[in-house]
Amino acid sequence: MSQIGSFALLLALALSTYSFLAGILALARPGPGSERLGETARRAGIATFAVVFLAAFILVISAFQDNFSIAYIFHHSNRDLPAPYKFATLWSGQEGSLPFWSLLLSAYGLVLRLRHKTDARLFAYASAIIAAVQIFFLLLLNFAAHPFALMQGELPADGAGLNPLLQYPEMVIHPPMLYLGYVGFTVPFAFALGALIMRYPGEKWIHITRRWTMVTWAFLTCGVFLGAHWAYSVLGWGGYWGWDPVENASLMPWLTGTAFLHSVMMQEKRGMLKMWNMWLIFATFWLAILGTFLTRSGIISSVHAFAQSSIGGWFKWFLVLTLVTFTFFFFKNKSHLRSEHKLESLISRESSFLFNNLLLLLACFTVLWGTWFPLISEYVQGNKVTVGPPFYNNVAIPVALLLLLLTAVGPLLAWRKTSVESLKRNFMWPALGAIAVGILMMVFGVRPWKDISYFYALMAAMLAALVGLTVTSEFIRGGRVIARHTGQNLLASMVHLFHRNTRRYGGYIVHFGVAVVIIGILGTPFNQDKEKEMGFGDKMTIGPYTLVCESYTQDDNPNYSNEWAIISVFRGDRKIETMYPERRFYKASQQPQTLPRIRSSYKEDLYLTYEGVNEATGRPIIKAHLNPLVMWIWVGVLIMIGGTVLALIPNAAPVRVTAPARIQAAPVGAGD
Amino acid sequence: MTVATLTCAMVMLCVLFYVFYLPGRLHLGPEKTRLAYLQERKEAIYENLRDLNFEHQAGKLPDQDYQSLKSSLEEEAAGVLAEMAQLERAGAAAVFSNRRKGARV
């Protein structure tokens, strides 16, 4: 089996190299025969998918067959590992996750190459660029991190087992989501670079990649938040975001990708920010590769990172090569990217997008600086200075609040310019509503002058309310116009309105989801925690809950041994739940793992962890956290993903109504 | 020969056949023209006009703002339409001249 896998990887490298070289040659020398050469390049790209799929399939099958002659399977699986985790072995370690990266890239490439008739030349450029990226990953796989490397000497009877932290259901889907996001940004980047190289006239490449970008962004959003949820549910420290370098690595392309999704609308609608958008999509692609490098090179220590390895050098060269290539073509064809219009007013939809971009980039730069600072300090001073959450929070919180303000304001501003009268007309009611929310919060005890975190929480609540109200007002105003023309009721008209411009109104739903996520995050300043050694019948009180230790016990199975406490949870005199915080010891990997237990409600999470046993008394130590509003974060993310999915639905055909335009009758309900 | 070697050979043959066996004619399609680009611009401006019209009907824009924004979009559209008409005339003239040359030959 391993021979076939190794052969498949070599063949994939040969096919990608051919796809790139033949593709470039066919594009560079148009003439007799170039179309046939281009077609063979396209087909080689498609065949790459088939052979990379074969290699990945063999690796998974080897995990299911407990083929420990393959070193990767020995290091990341064992006989008693449950089946879903054997499947997840593919992305559990360095040498397995690289074929998975390659497989996803070839799958994206497959879709792109099958749709080549949309614009054959542009697609041919994008296909060649994707082949070039694919070559890099296949070179890594064949010469630096071979997944089919064989064990030396006597074959072991059992594998070393999967990292216990990865033995959690979400880990079966979190990495694929994140990788789909990382890899997916290669596609819009390939189209952008292709359009730049060929001096593609117009913005159709944006139209072609719009859905790719949105789908990729949705995957990355899913990946980032699944990672946060996994950290919350598995790591046992009671939080969901620790500004860990690998978390940061996934956040950076998300921030620039979000900026790109917004600013690209200015290019589509007004032919503006062409150079900016080129750099944004390049930065997003580059940061995705940088994130992969951070996770795999071993230069940073993180609970999410793979082990130290020698592939860092390969990544450094690839990052430099992509930067040089992109910069070369950018300066060569810069004249092609001149803006068609200028910013007419500081109070306009364009300026709101511009400020949104600047804030997102500021956040990205802060995260980038904080992530690299320990390495820079080590290089300059000789000692590693770690940057903690306060550094990030000092920038991220004000930036998030300003972004929330723009999220609320942006949709109400007109393209080109907005008058003061228009501002008054659109903002009065949402602003009054937001002020009312602020007053209510102060009445219920949130005093912004007591502590800066209370001030941030109050501002976040008011701005989240402003976002919710502006989104609602957009739906109601639009719905009324449709109702006037069709005679439908308001609700039906709003559904109708949504179908007329799914991208815009789906986007508003995403904005609403962001507001809900912010509501969840604003509970953080009010977190509480307590730790206590609890014998039989011992009590601990936290917030409105009283915890009573009923018992503690232990068990054993082939995969792990475990011990846990049985805790009754009371609210007042009423018993509401029994919780079982647990600690496991995995036999194959010889590693312990804490499994928190969480009772979630819309108000707060009660989060219990089994911290271990006091050796002197033999009694368990239980830590309880009370984290307000956390559930809102996960609900908000679901709304964001739902909004993105809705935005992907094609628009219904507009109904033509008489419009007072001199050029042509304009149908209602389109545009952005 | 082992099963693995045979499988590798089969995979290789299938791939080579798929990549290099190209029966029939191939056509990449024409290069994008300035006219096609202007058509896209025209559609984008019309979409902006529809959007503006809708926002005005939704009560988001005062009449004065609406008229001023509409005029500037119409001017932009007129410029694009004029260039399209010019290119179409030039194209038609080129076709006519080619036909005349063909008739003489």
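These figures come from a predicted structure and were not determined experimentally. (Residues numbered from 1 in each chain as written. Chains lettered and ligands numbered in written order. Predicted model: local features only at pLDDT ≥ 70, side-chain atom pairs only at ≥ 80, totals over all residues. Heavy atoms only, no water.)

When you look at the nonpolar core in this model, what are you seeing that I'm missing?
As a rule of thumb, nonpolar side chains are buried together in soluble globular proteins. All names here are of chain A. Of all hydrophobic cores here, the largest spans 142 residues; its most connected members are Phe137, Phe191 and Trp205. Top contributing element to this core by residue count: helix 9 (residues 204-235), with 14 residues. Per-domain counts for this core show at least three residues from each of domain 1 (1-167) and domain 2 (172-338 + 348-415). In contact with Phe191, other than residues within four places in its own chain, are Leu112, Leu122, Phe123, Ala126, Trp205, Ile208 and Thr209. In terms of nonpolar packing, the next biggest core, distinct from the first, is built from 29 residues, Ala464, Val471, Tyr508 and Ala515 among them. (Core = buried A, V, L, I, M, F, W, Y, C linked by side-chain atoms within 4.5 Å. Buried < 20%, exposed > 50% of the residue type's maximum accessible area, 1.4 Å probe, protein only. Helix = DSSP H or I, 4+ residues; strand = E, 2+ residues; numbered from the N terminus. Domains from an automatic or database assignment. Contact = heavy atoms within 4.5 Å.)

How should I be thinking about the domain arrangement of chain A in this particular structure?
As assigned here, chain A comprises domain 1 (1-167), domain 2 (172-338 + 348-415), domain 3 (419-523) and domain 4 (526-628). A separation of 46 Å is found between the C-alpha centroids of domain 1 of chain A and domain 3 of chain A.

Even after reading the chapter, I still don't get the packing of helix 14 (residues 389-409) of chain A against helix 16 (residues 452-486) of chain A, so can you show me in this structure?
Helix-helix packing is characterised by the crossing angle of the two axes and by the distance between the axes. All names here are of chain A. Contact pair helix 14 / helix 16: the axes reach a minimum separation of 8 Å and the direction vectors enclose 20°. With respect to helix 16, the axis of helix 14 lies roughly parallel. Crossing handedness for the pair helix 14 and helix 16: left-handed. Contacts between helix 14 and helix 16 involve Ile397, Pro398, Leu401, Leu404, Leu405, Thr407 and Ala408 from the first element and Tyr456, Met459, Ala460, Leu463, Ala464, Leu466, Val467 and Thr470 from the second. Here the residues of the contact of helix 14 with helix 16 sort into 13 nonpolar, two polar and no charged. (Axes fitted to C-alpha atoms, helices over the stretch in contact; angles between N-to-C directions. Parallel < 35°, antiparallel > 145°, perpendicular 65-115°, else oblique. Left-handed = near helix turned anticlockwise from the far one by under 90°. Nonpolar A, V, L, I, M, F, W, Y, C, P; charged D, E, K, R; others polar.)

What exactly am I supposed to notice about the interface of chain B and chain A here?
How large an interface is tends to be reported as the accessible area lost when its parts come together. In this assembly, 47 residues from chain B lie in contact with 65 residues from chain A. Carbon and sulfur atoms supply 58% of the area buried between chain B and chain A, which totals about 5000 Å² over both sides. On inspection of chain B and its partner chain A, the count reaches six salt bridges. Salt-bridge contacts for Asp51(B) lead to Arg504(A); the nearest nitrogen and oxygen are separated by 3.4 Å. At the junction of chain B with chain A, the criterion picks out 20 residue pairs in polar contact (both at pLDDT 80 or more). Elements with a minimum of two residues in the side of chain B that touches chain A: helix 1 (3-20), helix 2 (34-57) and helix 3 (63-104) of chain B. Per-element tally for the side of chain B that touches chain A: the top contributor is helix 2 of chain B, with 14 residues. Residues belonging to the side of chain B that touches chain A are distributed by class as follows: 25 nonpolar, nine polar and 13 charged. (Buried area = accessible area lost by both parts, 1.4 Å probe. Salt bridge = Lys/Arg side-chain N within 4 Å of Asp/Glu carboxyl O. Polar contact = N/O pair within 3.5 Å; in protein donor to acceptor, adjacent residues only side chain to side chain.)

Looking at this structure, how should I read the environment of Ala12(A)?
All names here are of chain A. Relative to the assigned elements, Ala12 resides in helix 1 (residues 2-28). Distance in space between the C-alpha atoms of Ala12 and Ala515 is 45 Å, their sequence separation being 503 residues. In this structure Ala12 touches Thr48, Val51, Val52 and Leu138, once residues within four positions along its chain are discounted.

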